[in-house]
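Given next are the chains, with one letter for each unit.
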Amino acid sequence: MRADRRDRVWAAGMAILVGALLVLVVWRGALLIGSGSAAGAGIGVAVVVIAVVGAWVLWRSVQFGLRTQALARELEDEGGLPVDDLPRRPSGRAERGAADELFERRRAEAEADPDDWRVWFRLALAYDDAGDRSRAREAARRAIALHG
């Protein structure tokens, strides 16, 4: 099985498991709400609210993953997906100096053409290589918004 297909199957399986867990949590919360005691009902409401927030976070994460995957496929079809040729440490992480140099090039591209989703997507990949996951997600969100 190819790595990208394996990753998708793994992500789908994990999302299904988390979804099933959330259903069970809501069910237990409903049982607590119907328990007849004020404390049980209060805890049950809190449990249901937490499960609803968890379901929303799961949904947003899955949407983000599907959208970024679609952008990557489109960019690859256009021939614009950058080749990952950064030197790597034994841990698999990119060497810091090379990642920083690539990041600076990608940042300059984004500053030169701030309305092109492609440069923002490549910037997100550079942030990820540099180890800045939160900014990588932010740049990917910007690419998704610009793509429409």
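Predicted model only: the values in this text are computed from it and were never measured.

Parameters at a glance
- Residues numbered from 1 in each chain as written.
- Predicted model: local features only at pLDDT ≥ 70, side-chain atom pairs only at ≥ 80, totals over all residues.
- Heavy atoms only, no water.
- Helix = DSSP H or I, 4+ residues; strand = E, 2+ residues; numbered from the N terminus.
- Rg over C-alpha atoms; globule rule 2.2 N^0.38 Å.
- Contact = heavy atoms within 4.5 Å.
- Areas by Shrake-Rupley, 256 points an atom, 1.4 Å probe, with all protein chains shown as cover.
- Lys, Arg positive; Asp, Glu negative; His and termini not counted.
- Charge placed at Lys NZ, Arg CZ, Asp CG, Glu CD.
- Axes fitted to C-alpha atoms, helices over the stretch in contact; angles between N-to-C directions.
- Parallel < 35°, antiparallel > 145°, perpendicular 65-115°, else oblique.
- Nonpolar A, V, L, I, M, F, W, Y, C, P; charged D, E, K, R; others polar.
- Patch = residues over 30% accessible without salt bridge, like charges linked within 9 Å, V, L, I, M, F, W, Y side chains within 5 Å.
- Salt bridge = Lys/Arg side-chain N within 4 Å of Asp/Glu carboxyl O.

**Q** Where do I start with the overall build of the chain in this structure?
**A** When helices and strands are tallied, the chain shows five helices and zero strands. Secondary structure elements in the chain, listed N-terminal to C-terminal, are α-α-α-α-α. Whereas a compact globule of 148 residues would reach a radius of gyration of roughly 15 Å, the chain reaches 21 Å, over 25% beyond that. On the principal axes, the C-alpha backbone points of the chain span a range of 65 × 35 × 30 Å. Long-range pairs, those at least 24 residues apart, make up 52% of the contacts in the chain between residues at least 6 apart in sequence. Carbon and sulfur atoms make up 61% of the accessible area of the chain, which totals about 9900 Å². On the chain, the mean spot of the 22 positive side-chain charges and the mean spot of the 21 negative ones are 8 Å from each other.

**Q** Would you mind going over the packing of helix α2 (residues 38–78) against helix α5 (residues 133–147) with me for this structure?
**A** Any two packed helices are characterised by how steeply their axes cross, that is the angle between the axes, and by the distance between the axes. In contact at an axis separation of 10 Å, α2 and α5 are set at 70° when each is read in the N-to-C sense. In terms of orientation, α2 lies roughly perpendicular with respect to α5. The segment α2 lies against α5, with Phe64, Arg67, Thr68, Leu71 and Glu74 engaging Arg137, Ala140, Arg141, Ala143, Ile144 and His147. Taken together, the residues of the contact of α2 with α5 break down into five nonpolar, two polar and four charged.

**Q** Explain a nonpolar patch on the surface here, please?
**A** On the surface, a cluster of nonpolar side chains totalling about 530 Å² of accessible area is made up of Ile33, Val45, Val49, Val53, Trp56 and Val57. With five residues, α2 is the largest single contributor of residues to the nonpolar patch. As for its placement among the helices and strands, valine 49 is situated in helix α2.

Everything listed here is a matter of geometry and, on its own, says nothing about what the molecule does.
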